[in-house]
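# Summary of the model geometry
So the chains spell out like this:
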Amino acid sequence: MLEPDTRLIVALDVSPDRAVEIAETLDGYVDGFKVGYEVVLAEGAAGIERVAEVLEESFLLVDLKTADIPEISRSIVERVSEAGANAAIVHGFVGPDVVEECAEVLPVFVVATMSHPGAREFYDRACRDIVKACDDIDGVVGYVAPATRPERVREVRKITDKLIASPGVGAQGAAPGDAVRAGADFEIVGRAITEAHDPVEAAKDLTRAMRTSRPAER
Ligand code: NUP
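This one's a predicted model, so the numbers in the text were calculated from it and none came from an experiment. (Residues numbered from 1 in each chain as written. Predicted model: local features only at pLDDT ≥ 70, side-chain atom pairs only at ≥ 80, totals over all residues. Heavy atoms only, no water.)

## Re the pairing of strand 2 (residues 32-35)
The alternating pattern of strand 2 places Gly 32 and Lys 34 on one face and Phe 33 and Val 35 on the opposite face, and all of these are buried. Direction of pairing for strand 1 (residues 8-11) relative to strand 2: parallel, over a ladder of 3 bridges. Pairing of Ile 9 across the sheet is with Gly 32, part of strand 2. Summarising the sheet, strand 2 and strand 3 (residues 59-66) pair through 4 bridges and their orientation is parallel. Bridge pairing links Lys 34 to Leu 61 in strand 3. (Buried < 20%, exposed > 50% of the residue type's maximum accessible area, 1.4 Å probe, protein only. Helix = DSSP H or I, 4+ residues; strand = E, 2+ residues; numbered from the N terminus. Pairing = 2+ DSSP bridges.)

## A word on the pattern of salt bridges
The full count for this structure, using the stated rule, is 15 salt bridges. Among the salt bridges present, the one from Lys 65 reaches Asp 63, with a minimum N-O distance of 3.0 Å. Judged by relative accessible area, which is 6%, Asp 63 ranks as buried. Several salt bridges share partner residues, and in doing so they unite Arg 74, Glu 78, Glu 101 and Glu 104 into one network. (Salt bridge = Lys/Arg side-chain N within 4 Å of Asp/Glu carboxyl O.)

## Structural notes on a positive patch on the surface
Taken together, the side chains of Arg 128, Lys 132, Arg 154 and Lys 158 define a basic patch exposed on the protein surface. Counting residues per element, the ones that place at least two in the positive patch are helix 6 (123-134) and helix 7 (150-159). Inspection of the secondary structure assignment puts Arg 128 in helix 6. Assessed through its relative accessible area of 37%, Arg 128 is described here as partly exposed. (Patch = residues over 30% accessible without salt bridge, like charges linked within 9 Å, V, L, I, M, F, W, Y side chains within 5 Å. Areas by Shrake-Rupley, 256 points an atom, 1.4 Å probe, with all protein chains shown as cover. Lys, Arg positive; Asp, Glu negative; His and termini not counted. Charge placed at Lys NZ, Arg CZ, Asp CG, Glu CD.)

## Here's the deal with the site of the ligand
Around the ligand, a shell composed of 15 residues is seen, among which Asp 13, Lys 34, Ser 115, Gly 190 and Arg 191 lie nearest. Residue Lys 65 places a side-chain N or O atom 3.2 Å away from an oxygen atom belonging to the ligand. In isolation the ligand has 480 Å² of accessible area, and contact with the protein removes 90% of it. Within the residue set of the shell around the ligand, elements represented by two or more residues are strand 3 and strand 8 (186-189). (Near = heavy atom within 4 Å. Polar contact = N/O pair within 3.5 Å; in protein donor to acceptor, adjacent residues only side chain to side chain.)

Below you can see the structure in the form of structure tokens.
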């Protein structure tokens, strides 16, 4: 289900109606879709359900960057799971106890560090330790590491054989394929697709660019 093929995950940070429309059109053309607060704050768990219902081939990753105490984090991921998500994104900096609780419920991608410039201040320093602390947890299927800083993707890849999903392509400045070349399995792309004149063409162009990227040796 979470196997990389096109290597593209589309971030649907749009209204639930638009998310459903794009998901329906691109189902099967991309490996997965990601929904987060835009959809959930508009319609609650029903927004996740609506996107999950139209997907037949691609997976659905829910990105609430869960970062609460273990019990609350678990119940958030339980709701996300009931709504039809195939995997959830959980922050790594909160510690392995939180990650473990969540990963008992649903496959989890752990944020190792983030793609924005400010992540250099604090998050980058914890990146290696987060991956080391989470890598033996059953149910942790992968990590989120930034396409904007491929050296961080390489750092994570050195420590783990699990999946790496990298946001930051397009709107945040990374070029398509950079993260895959550094060892990522997926690139997460939002605005470069959702704000394109023709999202289907934009997604297809990106998958082509990613296919020609040589995956790093594992
Ligand atoms: O470090 C991260 N950076 C990031 O942009 C971790 C994330 N989960 N994301 C998400 O990826 C962000 O919330 C958004 O949904 C997507 C990137 O969107 P865009 O910059 O391609 O529009």
